[in-house]
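Observations on the model geometry
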Amino acid sequence: MADDDFSKLLQQAEQLTTEIEGNEDLPRVERSLGQVLEASHELYSRVIQSGSNDIQAHLLFGSKGIDLQQISQKLETLSSKRTFEPLQPIADSDIESFLKNERENAILSLIDEVNKNSLQTTEDQKWEHMLSEWNKEKIKLMNAMIGPSQNWLDLKRAPETPSIADTPKKFGHSMLDSIEAAYARQVQQYNKLVFQGAKSRTALHQKFAQVADEFNDPKVKEMWEIIKTMSNIPALVRDEDPLKARGNPTIQQCLIAQGKKYLEKRYKQYMSDVVRSNPAAAMRGGEPGTFPLVRGFVGLRLQGQSAQGLTDGVIDDRPLWPMVYYCLRSGDASAALHCLRKAGREHEEFIAALEEHMRNPEKALSEKLQTAINFQYRIQVRNSTDPYKRAVYCIVGCCDVTDEHTEVAKTADDYLWLKLSIIKTKSTNESESFSYSDLQKLILEEYGETHYHAYEKPLVYFQVLTLTGQFEPAIEFLSRIPRYQVHGVHMALALHDGYMLGTPRNVQAPLLSVDTDDPIPLRRLNLARLLLLYVRKFELTDPSDALHYYYFLRNLKDPSGKNLFMCCCSELALESRDYELIFGRMDLTGIRSTGLVDQFNNSHIDTKVIALNVAEELVNKGLFEDAITMYDIAGNLERVLELFCILLAQVVNSGGGAGGLRERLSVLAEQVSKRLRSTDANLPGSLVEAYTKLCKLMNFFDQFHSDNYEGALESLRECELVPLSTSELDARVSGARAARGELLRCLPAVLRAVCTILVAQRQKLRGNHIATHTTNQQVEWLREQAEVLNTFAGNIAYRMPGDTYSQLAQMQILMH
């Protein structure tokens, strides 16, 4: 029974073994009980140490056939720390290790250098962008400033020009209105006289004033009349600073006299209008002259209570001192003297003072007369009830410079005239003197725009500033009023043309700035900023007018010392990109047609220099195609060829489309090539060779893309860049080693194209099943050619992309 049981058990075990061995899905495991126990303990310890997550990870990746333990061991052996570590020193005798170290050092040095250059380039571009954006913001802030700066500002760079769009901004319809166009015509006519060197020409302020007469705007006409009057002073020296000249006593006397002259002329016209409007009450009569006019005016002005308090009797039924005052106010001191003489001998001392005042109104009285007049004023006149008498004494004798004479001076004109009248070049009592500078400071800083309600009455504020010789703040004020901006700009041009406008030392100053070296409270007007703001709106639609306005900046310099007119021309060209209109164009013979800028050429302005500046800026912006045109205009053929090489190397192997860069370059290159053949310019031989070969490669690829393989090979043979036979190999290798980088960059594309051609020819021969002697020769030539090209690619000192070498190797294999 026991034997039967063991037999049965053995049979079952064998059957189980057979079933296990026959199952292909599970591998056979042969382990003893001890091994199983040991594996169990190991698995248990790993679960305790690493947790169930690792076990689950092992199960997950293990189901896909991944051994995590083996991968972990491999990863531990990998380390990036040693990649860029310094190489270990080796013995001098170990040549193989030395060469290996040198090779790895060269690779590491190159990687490190590229990394540093990339970081530096990124940093430079970041700062350049930030500076550009900040400069734009600074320009906006400067242009928005409406008050004078309190200090001298020196900005580092010129204004950044607006970014150039991908497409040129062609000139369009005029943006000038009728008033701006009328001024622009006068500017062009005046500049043409300057070009011709005309010595006797009408002053610019007179031309502009004539234009203003046509606008039928009495306020504008009056403004120009003020400018004309204040410009009528002795000619100023061009090289002398206008503000320094304005501090000259002689010039100051002229400015004071002209200001008084305008106010007196205007008041006399006012009196005539008043009398003419009421002739019956005025009872002037038909007698001409200032005395009858003043008599009639006083008769209308001083009636009833307004005549109370007047002293010293009457003459011709009119109070004495009002008659004297209004005669002086109308600018006729002789008529005032006539009034005093008619009044009697009790005024002889004052008559003598008035006679001396008439001889030289800008100078103080002699010491004797001054003392006598001051004594009379303190004893009798100061407390007099006659305001006209006090005013006359102060005008002639400067007795009290603090008296505002509000009873007499009821308008801004009257007040200004009185203040101008009491300014003397010499005073016996300096502590009570009133200078021209004091008046300027009083008007500009103490009273200012608020007191005069400048925005409600712009003419009044402009008048008080201009008549006190403060042209710069007056024009800056007009530039902030849209209605008068155009007039203010042209007034600035007129004054600048007469060397009367104070401009800052740096064109980056605010519109109105204070120079610490100037007398208080004089300001400087940034003419360049004012003009550029004005021209900006029409420079792209009316370039000719814009250039004529820029011409007024020809004597100014930008922060880098360049002629500001030339800089503005460059900016206009960069903004519009219509180079032919501005500079003309080059014909096939190398002669340039005239452009708008050529009319401004002189000893300091050269169109070629402007074109060169534009070309350099275009290169900085990456607009190489435009830069080629400008370098050509500038006559720099070497730079033309250099840029051609850079661009042609990029597009030489592309098919290109109609109107694309490659087609445009092809047309332009043909013109340059003709000019190159006719010129004897001393150009680098390697540059000319590279340019010539690139042009030939253009033909090669044109024929290649059109499947004209025979013509393509012929063009390539003329190019003499790659060898097409064994005899040419050494010469082509030497030529490639000495060639320029732009030409070498085309080699991979050329070799790949040749591979395609040779493979195509081999396939064509294979299709010809009839083998002939000629066919065998052609096959042999193709094999030789494949070997030559591979040898050439391996010998030149230029590393090409890996796919190029692969294609060459495949081609050589296919030749067999």
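Residues numbered from 1 in each chain as written. Predicted model: local features only at pLDDT ≥ 70, side-chain atom pairs only at ≥ 80, totals over all residues. Heavy atoms only, no water.

A count of helical and extended segments in the protein gives 37 helices and 4 strands. Burial status across the protein gives 43% buried among its 816 residues. For the protein, the share of sequence-separated contacts (at least 6 apart) that also reach a separation of at least 24 residues comes to 63%. Roughly 44200 Å² of accessible area belongs to the protein as shown, and the carbon and sulfur atoms make up 51% of that amount. (Helix = DSSP H or I, 4+ residues; strand = E, 2+ residues; numbered from the N terminus. Buried < 20%, exposed > 50% of the residue type's maximum accessible area, 1.4 Å probe, protein only. Contact = heavy atoms within 4.5 Å. Areas by Shrake-Rupley, 256 points an atom, 1.4 Å probe, with all protein chains shown as cover.)

As enumerated under the stated definition, the model contains 3 cavities of 30 Å³ or more in all. The space that makes up the largest cavity amounts to roughly 60 Å³. Around the largest cavity, the lining residues are Cys394, Asp400, Val401, Asp403, Glu404, His405, Tyr415, Leu418, Lys419 and Ile422. For the lining of the largest cavity, the element with the highest residue contribution is helix H18 (residues 412-421), accounting for 3 residues. If you add up the space inside the second largest cavity, you get close to 50 Å³. Along the walls of the second largest cavity sit Ile233, Leu236, Pro242, Arg246, Ile251, Leu255, Phe471 and Met500, which together make up its complete lining. Here the lining of the second largest cavity is built from residues that sort into 7 nonpolar, no polar and 1 charged. (1 Å grid on protein atoms, 1.4 Å probe; cavity = no way out; pocket = protein on both sides within 12 Å on 5 of 7 lines; lining within 4 Å. Points joined across faces, edges and corners; volume = space filled by probe spheres on them. Nonpolar A, V, L, I, M, F, W, Y, C, P; charged D, E, K, R; others polar.)

All right, on to the nonpolar core then. For soluble globular proteins, the rule of thumb is that nonpolar side chains tend to be buried together. The biggest cluster of nonpolar side chains holds 217 residues, and the ones touching the most others in it are Trp224, Tyr325, Tyr549, Phe583, Tyr691, Leu697 and Phe700. Beyond its immediate chain neighbours, meaning those up to four positions away, Phe700 contacts Ala712, Ser715, Leu716, Val750, Ala753, Val754 and Ile757. (Core = buried A, V, L, I, M, F, W, Y, C linked by side-chain atoms within 4.5 Å.)

This paragraph deals with the layout of surface pockets. One way to see where empty space is left: roll a probe the size of a water molecule over the atoms. Put simply, the second largest pocket is a space of about 1200 Å³. In terms of lining, the second largest pocket is formed by 50 residues, of which the most central are Arg238, His496, Asp497, Tyr499 and Asn555. Listed by contribution, the elements that provide at least two residues to the lining of the second largest pocket are helix H6 (178-196), helix H7 (204-213), helix H8 (218-231), helix H9 (242-246) and helix H22 (482-497). Classifying every residue of the lining of the second largest pocket by side-chain character gives 21 nonpolar, 16 polar and 13 charged.

Turning to the state of the cysteines, a few remarks are in order. Applying the stated criterion across every chain yields a total of 0 disulfides. Residue Cys569 stays outside any disulfide, its sulfur separated by 7.0 Å from that of Cys568, the closest cysteine. On the basis of relative accessible area, Cys569 is assigned to the buried category, the value being 1%. Here Cys746 stays unpaired: no disulfide links it, and the sulfur of Cys719, its closest cysteine neighbor, is 9.1 Å away. By relative accessible area, which is 2% here, Cys746 ends up buried. (Disulfide = S-S within 2.5 Å.)

Below, the discussion takes up a positive patch on the surface. Judged by side-chain charge, Lys221, Lys228, Lys261 and Lys265 come together as a positively charged surface patch. Mapped onto the elements of the fold, Lys265 is located in helix H10 (residues 249-277). (Patch = residues over 30% accessible without salt bridge, like charges linked within 9 Å, V, L, I, M, F, W, Y side chains within 5 Å. Salt bridge = Lys/Arg side-chain N within 4 Å of Asp/Glu carboxyl O. Lys, Arg positive; Asp, Glu negative; His and termini not counted. Charge placed at Lys NZ, Arg CZ, Asp CG, Glu CD.)

Once that is clear, we can look at the pattern of salt bridges. Pairing between side chains of opposite charge can happen when the charged atoms of each approach one another. Under the counting rule described, the total for this entry stands at 35 salt bridges. Note that Lys537 is salt-bridged to Glu180, the shortest N-O span being 2.6 Å. Residue Lys537 is found in the loop between helix H23 (527-535) and helix H24 (543-550), and its partner Glu180 is found in helix H6; the two are separated by 357 residues along the sequence. Glu180 gets classed as buried once you look at its relative accessible area, which sits at 4%.

This part is about H7. Along H7, 7 of the 10 residues are buried, which leaves the element largely enclosed by surrounding structure. Within H7, the full set of buried residues consists of Leu204, His205, Lys207, Phe208, Ala209, Val211 and Ala212. The secondary structure elements touched by the buried residues of H7 are H6, H8 and H22.

We now examine unusual backbone geometry. What is expected of a backbone is that most residues other than glycine have negative phi and most peptide bonds are trans. The omega torsion of the bond from Ile520 to Pro521 falls at 5 degrees, within 30 degrees of zero and hence cis. Along the chain, the position of Pro521 falls in the loop between strand S3 (512-513) and strand S4 (524-525). In this structure, Asn216 is a non-glycine residue whose phi angle is positive, near 55 degrees. With phi around 65 degrees, Asp707 is a residue other than glycine that occupies positive phi space. Along the chain, Asp707 turns up in the loop between helix H31 (685-705) and helix H32 (709-719). The class for Asp707 is exposed, based on a relative accessible area of 56%.

As a further point, take helix H28 (residues 624-634). For H28, the tally of buried residues reaches 9 of 11 residues, placing the bulk of the element in the interior. Within H28, the full set of buried residues consists of Phe624, Asp626, Ala627, Ile628, Met630, Tyr631, Asp632, Ile633 and Ala634. Check the buried side of H28 and you find it contacts helix H26 (579-583), helix H27 (607-620), helix H29 (637-651) and helix H30 (661-678). Just downstream of H28 lies Gly635, where phi reads positive at about 80 degrees.

Attention shifts here to the packing of aromatic side chains. Summed over the entire model, instances satisfying the criterion amount to 34 aromatic pairs. Considering the side-chain rings of Tyr325 and Trp417, the 6.0 Å spacing of their centres and the 85 degrees angle between planes classify their relative orientation as edge-to-face. Placement of Tyr325 in helix H13 (residues 320-329) and of Trp417 in helix H18 is noted, with a sequence separation of 92 residues between them. What makes Trp417 buried here is its relative accessible area of 2%. Taken together through their ring pairs, the aromatic side chains of Tyr267, Tyr270, Phe297, Tyr325, Tyr326, Tyr388 and Trp417 make up a single cluster. Directly above the aromatic system of Phe434 lies the positively charged group of Lys419, at a separation of 5.0 Å from the ring centroid. (Phe/Tyr/Trp six-rings, centres within 6.5 Å; stacked < 30°, edge-to-face > 60°. Lys NZ or Arg CZ within 6 Å of the ring centre and 35° of its normal.)

Take the packing of H13 against H18 next. Here H13 crosses H18 at 85 degrees, and the two axes come no closer than 12 Å. By the angle between their directions, the pair H13 and H18 is classed as roughly perpendicular. Two secondary-structure elements touch here, H13 through Tyr325, Leu328 and Arg329 and H18 through Asp413, Asp414, Trp417 and Leu418. Here the contact of H13 with H18 is composed, by residue class, of 4 nonpolar, no polar and 3 charged. (Axes fitted to C-alpha atoms, helices over the stretch in contact; angles between N-to-C directions. Parallel < 35°, antiparallel > 145°, perpendicular 65-115°, else oblique.)

Moving on: the side chain of His490. Mapped onto the elements of the fold, His490 is located in helix H22. By relative accessible area, His490 is classed as buried at 0%. In contact with His490, other than residues within four places in its own chain, are Tyr183, Val187, Phe208, Trp224, Tyr534 and Tyr549.

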